[in-house]
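The residues making up each chain are set out below.
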Amino acid sequence: MPSWLPCRRSSTRESSMRYTRLLLQTVKEDPSDAEVVSHRLMLRAGLIRQVARGIYDILPLGLRTVRKIEAIVREELDAAGCQEVSLPLLSPAELWRESGRWDAYGPELLRLVDRSGREFCVGPTHEEVMTDLVRGNVRSYRELPLNLYQVDTKFRDEIRPRFGLMRGREFLMKDGYSFHVDEEDCRREYQLMYDTYARIFTRCGLDFRAVEADTGAIGGSGSHEFQVLAESGEDLILGCDHCDYAANVEKAELAVGEPGLFESSEPSEVSTPGAGSIEDVSAMLSEPAGRFVKTLLFVADDRGVAALVRGDDQLSEAKLKRALGATELRMAEADEVKKMSGAPQGFAGPVGLEIELVVDLRLRGATGMISGANRADLHLSGIDQQRDFPVAEFHDLREAAAGDPCPRCNGGSYQAFRGIEVGQVFYLGSKYSEAMGATYLDTDGNECVMEMGTYGIGITRTMAAAIEQNHDDDGIIWPPAIAPVQVLLLPVKWKDDDTRAASEKLYEQLLAAGVEVILDDRDERAGVKFNDADLLGIPWRVTIGPRGVKQGTVELRERRSGESSDLALDSAAQHIVAAVSEALAR
RNA sequence: CGGGGUGUGGCGCAGCCUGGUAGCGCACCUGCUUUGGGAGCAGGGGGUCGGAGGUUCAAAUCCUCUCACCCCGACCA
């Protein structure tokens, strides 16, 4: 180092982990607009700060956790043979037009125009850009398979961001894409990624479950979500209490179930003035809800369709969308209902309806049913499915619920869980490679379309999920593997010379041993420090006070269990190093 | 996009109805006393009251417009 360089600090590394040098401000009061635990605690512990709706600064301690999660993700992916790249923040509209998603994606895609009028979007995901990269670089089957990933900031202009980092507009995501010569190899990779994801979330110390999932807007034909189990989760998961089957409610299959078999007769009109809901009609006619045919009108990609389920069943829009192969699906507006059925809302029925009918499995062969008559204030009773509204195909359209029998095994039934989706793996097939011409030459020199898979992990959401699952009334309880640091040194009385000297020495020893440690060198009262320590959730706290130092001891306390033990001052560092490395090795 | 709500110092809020010198708690700075689970006293710094326009002798307060943020709904990897 040139001698003219001023050097006030002996070591930057050392001083940055002194509390008084950290950009860290804890807050006693609850932020008024934080609804969920993770959001509240992240704000209170000074990990994040909101800049705009759904957009956050991540502060030093928060970023350390983010980096920990990233490191685990990178290690496991690299070990699985993936390669990291970095794709641009902006993607040109042409690529998205090639795949058809420029129009399909909707307002969630943030679009912008550069000074010369060219259109771009801020990448919400990178299938197009990655496929473009690979088609430009890969010619031969010899160069496949390929699994490329990046860890980058994504932007999705969410309709309603909420819950802090759980559902932000800007978020850090690891997104990976794999390219293969055939489906078999792609399925193999899918399984490899599935296993890799399970290892990643296990290493992060999370209680999660991999569940079958709907493929949504990305498309493709097979998918699992990795769900961190937590009360505040936005997703509803159904899992069999008997076998391994578990799925997102959007996907959860149902056993066929009994149709409604009531006494058959000729259809006849029944006057039902003003009774437009199943509940009302059922009460008015004193008939069970299960005897009705619920007729729901939708607009699917600009055509009208009627979805039919039994009156006591709940329609799953996700299942309907899949059954129709529609990219867009919405309930019909009042005027559209009138146009399709000829009646006001609540009086539609399958008999005589001239739009496409999509019928739930449970209505196959149903007899003696009641439905709307497609005229105001009128219902039709005595309807037989086969006779009165025959259809060629039936679909699983019901939304599953806790207690429904498991479709995969005998005797099991669904239990409901709440989950936070932190990762998802997709088998994509050739949707993008075909649209964008990602091809290779096989051994015979034939041009073939690549098979693709796509795999995502929400890094910042994983951090939030970890807090949802690991906290108590006093604050965060970080799993050691993703804690900002492992150890917090807490000198009870900083002004006391012996205490300070013992703390400084321990600090040096731990740093030298490679342990991540914060030294709370604030001249604060013990209570303040203890409370902040609990709030920050550092796995181990070492309390150093005049009393103990006089006896030659310090106290080591584990945040999660609250168990503490006295350590001899001169061997304390060794014990702490041992405890930390043992926990991290687990 | 529809419905509801809130903008006053870094954070949490009062003041607004009934216009008249901008307040409280936390945090921050100084000093003294305290000190093993969110101390006490004294002193201090910091706010064009989200923004623009209007009414008025006078606007945080009344009126109009606008922006931001939050909640509920539709939507969603």
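For the structure, check the block above.
The rules behind the values
Residues numbered from 1 in each chain as written. Chains lettered and ligands numbered in written order. Predicted model: local features only at pLDDT ≥ 70, side-chain atom pairs only at ≥ 80, totals over all residues. Heavy atoms only, no water. Helix = DSSP H or I, 4+ residues; strand = E, 2+ residues; numbered from the N terminus. Buried < 20%, exposed > 50% of the residue type's maximum accessible area, 1.4 Å probe, protein only. Contact = heavy atoms within 4.5 Å. Areas by Shrake-Rupley, 256 points an atom, 1.4 Å probe, with all protein chains shown as cover. Lys, Arg positive; Asp, Glu negative; His and termini not counted. Charge placed at Lys NZ, Arg CZ, Asp CG, Glu CD. Polar contact = N/O pair within 3.5 Å; in protein donor to acceptor, adjacent residues only side chain to side chain. Near = heavy atom within 4 Å. Nonpolar A, V, L, I, M, F, W, Y, C, P; charged D, E, K, R; others polar. Pairing = 2+ DSSP bridges. Axes fitted to C-alpha atoms, helices over the stretch in contact; angles between N-to-C directions. Core = buried A, V, L, I, M, F, W, Y, C linked by side-chain atoms within 4.5 Å. Salt bridge = Lys/Arg side-chain N within 4 Å of Asp/Glu carboxyl O.

Participant: I would appreciate a short explanation of the overall build of chain A in the present structure.
Facilitator: On a plain count of helices and strands, chain A comes out with 17 helices and 31 strands. Considered along the principal axes of its C-alpha atoms, chain A spans approximately 95 × 65 × 50 Å. In chain A, which comprises 586 residues, the share counted as buried stands at 52%. A separation of at least 24 residues holds for 68% of the contacts in chain A among residues at least 6 apart in sequence. A total of about 27100 Å² of accessible surface is found on chain A, and carbon and sulfur atoms cover 47% of it. Side-chain charges in chain A split into 68 positive and 97 negative, and the spacing between the mean points of these groups amounts to 7 Å.

Participant: Hey, could you run me through the side chain of glutamine 486 in this one?
Facilitator: With respect to the helices, strands and loops of the structure, glutamine 486 is situated in the loop between strand S26 (475–476) and strand S27 (487–491). In terms of polar contacts, glutamine 486 uses its side chain to reach the backbone carbonyl oxygen of proline 480, at 3.0 Å. Contact partners of glutamine 486, with chain neighbours within four places excluded, come to Lys68, Pro480, Val515, Glu516, Ile538, Pro539, Trp540, Val580 and Leu584.

Participant: When you look at the protein's contact with RNA strand B in this model, what are you seeing that I'm missing?
Facilitator: Taken together, the neighbourhood of RNA strand B is formed by 40 residues, with Arg156, Arg160, Arg167, Arg461 and Asp534 sitting nearest. Arginine 44 is positioned with one of its side-chain polar atoms (N or O) 3.1 Å from a base oxygen of RNA strand B. Per-element tally for the surface near RNA strand B: the top contributor is helix H15 (residues 526–536), with seven residues. Among the residues forming the surface near RNA strand B, the class breakdown is ten nonpolar, ten polar and 20 charged.

Participant: Hey, could you run me through the sheet that holds strand S13 (residues 268–271) in this one?
Facilitator: The strands making up a sheet associate through hydrogen bonds between their backbones, and the pairing can be parallel or antiparallel. Pairing in this open sheet of three strands is antiparallel, and the strands run S13-S19-S18 from one edge to the other. Edge strands, defined here as strands with exactly one partner in the open sheet, are S13 and strand S18 (369–375). Going from strand to strand, the sheet's axes swing by 40° on average, the running direction of each strand aside. Both S18 and strand S19 (residues 378–383) contribute to a ladder of four bridges, which runs antiparallel. Each residue of the ladder has a partner; that of serine 371, found in S19, is leucine 380.

Participant: For this particular structure, what's the right way to read the environment of proline 145?
Facilitator: Mapped onto the elements of the fold, proline 145 is located in the loop between helix H6 (127–137) and strand S7 (146–155). Sequence spacing of proline 145 and aspartate 182 is 37 residues, and the spatial spacing of their C-alpha atoms is 9.5 Å. For proline 145, the contacting residues outside a window of four places in its chain are Phe179, His180, Asp185 and Arg188.

Participant: Would you explain the nonpolar core in this entry?
Facilitator: When a protein is soluble and globular, its nonpolar side chains tend to lie buried together. Core analysis: the largest hydrophobic core is formed by 88 residues, its most contacted members being Val487 and Leu489. Counting 24 residues, the second largest nonpolar core, distinct from the first, contains Leu87, Trp102, Tyr105 and Leu144.

Participant: When you look at the sheet that holds strand S5 (residues 111–113) in this model, what are you seeing that I'm missing?
Facilitator: Sheet architecture is open: three strands sit in the order S4-S6-S5, paired in antiparallel fashion. The open sheet has two free edges, formed respectively by strand S4 (90–92) and S5, since each of these has just one partner strand. Taken pair by pair, the neighbouring strands of this sheet meet at an average axis angle of 40°, ignoring direction. Bridge count between S4 and strand S6 (residues 119–122): three bridges; the pairing is antiparallel. Pairing of leucine 90 across the sheet is with valine 122, part of S6.

Participant: Mind showing me how you'd approach the pattern of salt bridges here?
Facilitator: Where charged atoms from two side chains of opposite charge approach closely, those side chains can pair. A complete count under the given rule lists 47 salt bridges for this structure. A salt bridge links arginine 169 to aspartate 157, with the nearest nitrogen and oxygen atoms 2.9 Å apart. You can see arginine 169 sitting in the loop between S7 and strand S8 (170–180) and its partner aspartate 157 sitting in the loop between S7 and S8, a full twelve residues away along the chain. With a relative accessible area of 14%, arginine 169 lands in the buried category. A relative accessible area of 24% places aspartate 157 in the partly exposed class. Two residues, arginine 310 and aspartate 312, come together in a salt bridge whose shortest N-O distance is 2.9 Å. The exposure class assigned to arginine 310 is buried, which follows from its relative accessible area of 12%. Residue classification places aspartate 312 among the partly exposed residues on the basis of a relative accessible area of 40%. Residues joined by salt bridges that share partners form a network here, namely Arg67, Glu70, Arg74 and Glu84.

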